[in-house]
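Residues per chain are reported as follows:
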Amino acid sequence: MAKKINLIDVTLRDAHQCLWATRMTTGMMRETAPLLDRAGFEAIDLVGGAVFDVCVRFLREDPWERMRILSSWVTETPLIIHHRGQSLFTFELFADDVVKLTAERIAANGMRYHTTYDALNDIRNLEVPVRAAKNVGLTVAGGVVFTETPVHTDAYYEKKTKELLKLGVDAVYIKDPSGLLRPERVATLVPALKKVCGTTPLQLHSHCLSGLGPYVAVQAIEHGVDCVHTATSTLANAASHPPTELFVRNARRRGFDIDVDLEPIEQAADILAYIAAQEDKPTGAPMEYDEFHFHHQVPGGMISNLKSQLEPLGIADRLEEILEEAGHVRRDLGYPIPVSPFAQFIMTQAVLNVMGEERYATVPDEVRKYVLGAYGEIAGPIDPNLFDRITQGTEPVTERPGALVEPGLKRLRKERGPFMSDDDLLLAAYYDDKEYSALKAAGPIQTDYPLGATPLETLVKEITARREITYFSLKDNDGGNDSGSGNDNLAVQLP
């Protein structure tokens, strides 16, 4: 019997995070979400750290409301919320009481599936989030974040996977944010983790930054992965994930059973291509293999952002030098994984090292906190001289980082309350009053988008949205009379 492989769709979360700078609005999801719901995915990824943050800061859409809206559109498939463990949707660690209430509100707002990870693979930072999510009935997949370094061996990942399983997760996923997995590493890592997981499903969440993603995904199921995270083709490849349609066809050709209907996915791809054209946003294209990527390991979106930040300073021509330095900074600092927030810390330090007269002459507070263990355990060694220079004699943190954060809810209620709901209370916990007030002032999410169920309906919606047009005529160019009414022309006077 052919082995069955499940798929998790990331189109509505990580795919547009990678290609559209996380700017997909709720309205843009209205027509695609029901199509993806019918396709047969194990789950659909909806909200994560960057999505939550962009909803608040830029789109002014309440992410809790987005969850409720999408739960009414997606009724057959569990929706996923994804976060950074004890850091939730931000870069800083939160108190346990905030983390526990977050799990309760995730479930109350319609989410049924929860994926979480810690950027340092410090499983202590997942203890409270995982148990809180399990307590409210969520399916929980815990991630181990992949990177390629001398210390992140298969044995290292076996150990981390065992620690995750002790927390009672329902699945384990390999999170490869920079697309660093190569086929030869898949051949050793996946069997090692699958042996540890036993009957617990093993998933792959890998990006295409090296150009190897689609092939790595197929090799992963050959070696034991049970579920692969994919994106609708329009928003696949590049910095995103393997395309669903291509992966399904490749896997079926190799004899695997994938119970997914491609027809609604292809319809969703067409709709997203239309939206991309309307919004002047890119669609995914395969990346060329670049060995330099494995040195700096910086995600593609961060590279483009860095370039835009360097241009006003007149040093965009030093980008490659900075990326070279980023690889050395990672080694110096014990190999932090280039995923948020540590990718940002690495790049900031690299820029300072390149632009300064002496390396590490200036060290940001966040890098100092990392070196002290304030975010969690460090995988590799740090040179003692550099450690002393950065920490300046401060004692390192040895206990679970979240335990050092004072409870926050009671103080928030007192200082910034009263709140209309626990959802608002949590928004105040995550954001300062400026962002919180701007979000609340924006009002309910507008779900209208000039897109109809048919091309004709879409055309009419677009035309009526243009106030300069007061009259239009629609002609049947094929000369036929399909309806038998004798009316081949349609004239409309707009109000």
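Calculation criteria
Residues numbered from 1 in each chain as written. Predicted model: local features only at pLDDT ≥ 70, side-chain atom pairs only at ≥ 80, totals over all residues. Heavy atoms only, no water. Disulfide = S-S within 2.5 Å. Helix = DSSP H or I, 4+ residues; strand = E, 2+ residues; numbered from the N terminus. Buried < 20%, exposed > 50% of the residue type's maximum accessible area, 1.4 Å probe, protein only. Contact = heavy atoms within 4.5 Å. pLDDT = per-residue confidence, 0-100. Core = buried A, V, L, I, M, F, W, Y, C linked by side-chain atoms within 4.5 Å. Salt bridge = Lys/Arg side-chain N within 4 Å of Asp/Glu carboxyl O. Axes fitted to C-alpha atoms, helices over the stretch in contact; angles between N-to-C directions. Parallel < 35°, antiparallel > 145°, perpendicular 65-115°, else oblique. Left-handed = near helix turned anticlockwise from the far one by under 90°. Nonpolar A, V, L, I, M, F, W, Y, C, P; charged D, E, K, R; others polar.

What follows deals with the state of the cysteines. Considering all chains together, one arrives at zero disulfides under this definition. Cys55 forms no disulfide, and the closest cysteine sulfur to it belongs to Cys18, at a distance of 16 Å.

This brings us to the side chain of Gln219. Checked against the element boundaries, Gln219 lands in helix H9 (residues 213-222). Under the relative-accessibility criterion, Gln219 is labelled buried at 13%. Contacts of Gln219, omitting those with residues within four sequence positions, involve Pro183, Val186 and Arg254.

A few words on the confidence of the model for the chain. Residues of the chain with pLDDT of at least 70 account for 91%, and the chain-wide mean is 91. For the stretch residues 479-487, pLDDT sits under 50, and the model shows five contacts to residues farther than four places along the chain or on other chains.

Among the nonpolar cores identified, the biggest contains 104 residues, and Leu12, Phe52, Leu70, Ile174, Phe247 and Tyr430 are the most heavily contacted of them. When residues of this core are assigned to their parent elements, the largest contribution, seven residues, is made by helix H11 (residues 262-279). Filtering out sequence-adjacent residues up to four positions away, Phe247 remains in contact with Ile5, Leu7, Ala217, Val218, Ile221, Val228, Thr230 and Ile258. Among the nonpolar cores identified, the runner-up in size contains 44 residues, and Phe292, Val339, Phe342 and Val363 belong to it.

Under the defined criterion, the tally for this structure stands at 34 salt bridges. Of the charged contacts, one joins Asp448 and Arg30 as a salt bridge, the two residues approaching to 3.8 Å between their closest N and O atoms. With a gap of 418 residues between them, Asp448 in the loop between helix H20 (433-442) and helix H21 (455-465) and Arg30 in the loop between helix H1 (11-19) and helix H2 (32-38) connect regions that are remote in the sequence. On the basis of relative accessibility, which here comes to 36%, the residue Arg30 falls in the partly exposed class. Among the ionic pairs, Asp226 bridges to Lys194, the shortest N-O distance being 2.7 Å. Here Asp226, found in the loop between H9 and strand E8 (227-230), pairs with Lys194, found in helix H8 (residues 183-197); they are 32 residues apart in sequence, far enough to count as distant. Take Asp226 and Lys194: they sit in the same class, and that class is buried. Residues joined in a network through salt bridges with shared partners are Asp53, Arg57, Arg60 and Glu435.

A packed helix pair is summarised by two numbers, namely the angle formed by the two axes and the spacing between the axes. At their nearest, the axes of helix H5 (residues 96-108) and helix H19 (residues 422-430) sit 10 Å apart, and the two run at 135° to each other. Classified by the angle their axes make, H5 and H19 are oblique. Note that H5 runs across H19; the crossing there is left-handed. Here H5 contributes Val98, Leu101, Thr102 and Arg105 to the contact with H19, which in turn contributes Asp422, Asp423, Leu425, Leu426, Ala429 and Tyr430. Across the contact of H5 with H19, the residue classes break down as six nonpolar, one polar and three charged.

Glancing now at unusual backbone geometry. Note the cis peptide between Ser340 and Pro341, where omega equals 5°. The linkage connecting Gly417 with the following residue, Pro418, adopts the cis geometry, with an omega of 0°. Within the secondary structure, Pro418 sits in the loop between helix H18 (409-416) and H19. Positive phi, normally seen in glycine, also occurs at Arg60, with a value near 55°. Considering the arrangement of structural elements, one finds Arg60 in the loop between helix H3 (49-59) and helix H4 (63-73). A relative accessible area of 27% places Arg60 in the partly exposed class.

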